[in-house]
Amino acid sequence: MDNVLPQQAEQALQYLHARIPLELLSPVVGIICGSGLGGLAESVLPEPRAEIPYTNIPHFPQSTVQGHAGKLLFGLFECNRAPVVLMVGRVHYYEGHSMQSVTFPIRVMKRLGVGTLLITNAAGGLRSEYSVGDLVILNDHINLAGLAGLHPLRGPNAESYGTRFPALSDAYDLDLRRRAHQLWKSIDRGPVSTRRLHEGIYAFVGGPSYETRAECRMLRGLGADVVGMSTVPEIIVARHCNMRVLALSLVTNNAVLDPGPRGDETSIQDSRGQDLKRAIEKGKANHEEVLEAGQKAAADVQHLVSLLVRDILNTDHAS
């Protein structure tokens, strides 16, 4: 049973090796593009490149969510001409996949030679000082699903990848976070940009429904700064594989922490129809809003990730 995962990853690896140009076969950096952030693929040179749909790769889970293209992109990274691999669109637990299936692409990346993983996602902001369009470098997480037993490492341990009981206190690479903050300061975002870069804690929830007001208050009370439906299972498996990790959240909506109107409030007793609807729906999240925020922030996110990859490749090659 514990050999099934390595065997499946090997079959996926053989399929990819037969279809990828030789100069792209050993990517050292992997990038996961979150909702609305598929534009990161523009950082890869047009030639040579290989785009492989998830549907064609043995044992790969399929992406079904709007804004997630569902393909592996192999190419050379801009001026470095160093090989990278991008997941243009991710898969999620809420789509019906198991935790092991959701994180299977990370296992394949490890077999391809990826040593550093950059993860992007769209998330709801739980702090009042976070604005839509702000970026948050993750420095910790709260894995609610994992604490309840829905964990990507549940079952026989894949010894060829990592230890049975991996520590996660160092999951978010401090050197990569330091570099990200330094590089952000060097980006010219224009005189009218108000986008800020923060650090914070990500709460992973199963989805696909957005969180209730009470759930948002609970998560904020637990110490979470942003909340989303991805990323943490990928990080856990990446660390199990001894990969370095940097995770970046784009705040695409502000979570609603206000308890909202009560049915017995005096102020609404004479309200009707649209007035009541506006009162209860104030701040309501939707996926179209997430994609729109992603598109507006894409240039800054792409620029920061591009600088990070360039810095990682230059520094790691020099050392």
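Owing to the predicted nature of the structure, the values given are computational and were not obtained by experimental measurement.

The rules we used
- The written sequence of each chain sets the order in which its residues are numbered from 1.
- For a predicted model such as this one, the threshold for reporting local features is a pLDDT of at least 70, and the threshold for listing and counting side-chain atom pairs is 80 or more; totals across whole chains, interfaces and linings nevertheless cover every residue.
- Side-chain numbers come from the whole structure's heavy atoms, not from hydrogens or water.
- UniProt positions are given in the numbering used here, feature names are shortened, and annotations may be inferred rather than shown by experiment.
- Residue contacts are defined here by distance: any two heavy atoms, one from each residue, within 4.5 Å place the two residues in contact.
- Elements are defined by DSSP. Helices are runs of H or I of four residues or more, strands are runs of E of two residues or more, and each kind is numbered from the N terminus.
- Exposed residues in this analysis have more than 50% of their type's maximum accessible area, buried residues have under 20%, and partly exposed residues fall in between, with area computed by a 1.4 Å probe over protein chains only.
- Here, strands pair whenever DSSP counts at least two bridges between them.
- A clockwise course of the path from the first strand over the helix to the second, judged with the strands pointing away from the viewer, identifies a crossover as right-handed.
- In this analysis an axis means a line fitted to C-alpha atoms, helices contributing only their contacting stretch, and an angle means the value between N-to-C directions, from 0 to 180 degrees.
- Left-handed is the label given to a crossing in which the near helix is rotated counterclockwise from the far helix by less than a right angle, and right-handed is the label when the rotation is clockwise.
- Three classes are used, and their members are as follows: Ala, Val, Leu, Ile, Met, Phe, Trp, Tyr, Cys and Pro are nonpolar, Asp, Glu, Lys and Arg are charged, and the others, Gly among them, are polar.
- Whenever Lys or Arg places a side-chain nitrogen within 4 Å of a carboxyl oxygen from Asp or Glu, that contact is recorded as a salt bridge.

1. Some details on the UniProt feature "binding site: a purine D-ribonucleoside" (unreviewed entry) in the chain
The UniProt feature table records "binding site: a purine D-ribonucleoside" (unreviewed entry) at Glu-211 and Asn-253. In three dimensions, the annotated residues from a span of 43 residues occupy one location, with a maximal C-alpha spread of 11.8 Å. Look past the residues within four positions of Glu-211 in its chain and what remains in contact with it is Val-205, Cys-216, Leu-219, Val-227 and Met-229. As for its placement among the helices and strands, Asn-253 is situated in strand S9 (residues 244–254). Assessed through its relative accessible area of 8%, Asn-253 is described here as buried.

2. A word on the UniProt feature "binding site: phosphate" (unreviewed entry) in the chain
The sites that UniProt annotates as "binding site: phosphate" (unreviewed entry) are Ser-35, His-68, Arg-90, Val-91, His-92, Ala-122 and Ser-230. The topology assignment puts Ser-35 in the loop between strand S1 (29–33) and strand S2 (44–53). Along the chain, the position of Val-91 falls in the loop between strand S4 (82–88) and helix H2 (99–102). Residues within four places of Val-91 in sequence aside, it is in contact with Pro-61, Gln-62, Ser-63, His-97, Val-102 and Glu-234.

3. What about the pairing of strand S7 (residues 197–204)?
In summary, the side chains of a regular strand alternate between the two faces of the sheet. Along S7, 6 of the 8 residues are buried, which leaves the element largely enclosed by surrounding structure. Pairing between strand S6 (residues 135–143) and S7: 8 bridges, direction parallel. Bridging across to S7, His-141 finds its partner in Tyr-202. Pairing geometry for S7 and strand S8 (residues 226–228), over 3 bridges, is parallel. By the bridge assignment for S8, Tyr-202 is matched with Val-226. Each parallel crossover has a hand, and for S7 linked through helix H6 (residues 213–222) to S8 it is right-handed.

4. A closer look at the packing of helix H1 (residues 4–17) against helix H3 (residues 104–112)
Running from N to C, H1 and H3 point in directions that differ by 65°, and their axes come no closer than 9 Å. Regarding H1 and H3, the two cross each other, and that crossing is right-handed. Seen from H1, the contacting residues are Leu-5, Pro-6, Gln-8, Ala-9, Glu-10, Ala-12, Leu-13, Leu-16 and His-17; seen from H3, they are Phe-104, Arg-107, Val-108, Arg-111 and Leu-112. Partitioned by chemical class, the residues of the contact of H1 with H3 number 9 nonpolar, 2 polar and 3 charged.

5. Structural notes on the environment of Leu-45
Along the polypeptide, Leu-45 turns up in strand S2. Here the alpha-carbon distance between Leu-45 and Arg-81, two residues 36 residues apart in the chain, equals 8.0 Å. Those residues in contact with Leu-45, other than ones at most four positions away along the chain, are Leu-76, Glu-78 and Arg-81.

6. Description of the pairing of strand S3 (residues 71–77)
When you tally the buried positions in S3, you get 6 out of 7 residues, the bulk of the element. One ladder, built from 6 bridges, connects S2 with S3; its direction is antiparallel. Within S3, the residue paired with Ile-52 across the bridge is Leu-72. Both S3 and S4 contribute to a ladder of 7 bridges, which runs antiparallel. Note that in S4 the partner of Gly-75 across the bridge is Val-84.

7. Observations regarding the pattern of salt bridges
For the structure shown, the criterion picks out 17 salt bridges. For the salt bridge of Arg-49 with Glu-51, the shortest nitrogen-to-oxygen distance reads 3.1 Å. Salt-bridge contacts for Arg-178 lead to Asp-175; the nearest nitrogen and oxygen are separated by 2.4 Å. On the criterion of helical spacing, the pair formed by Arg-178 and Asp-175 is a turn pair, its members being 3 residues apart in helix H5 (residues 174–186). Asp-175 gets classed as partly exposed once you look at its relative accessible area, which sits at 24%. Salt bridges here are not isolated pairs; linked through shared partners, they connect Asp-173, Asp-175, Arg-178, Arg-179, Arg-244 and Asp-311.

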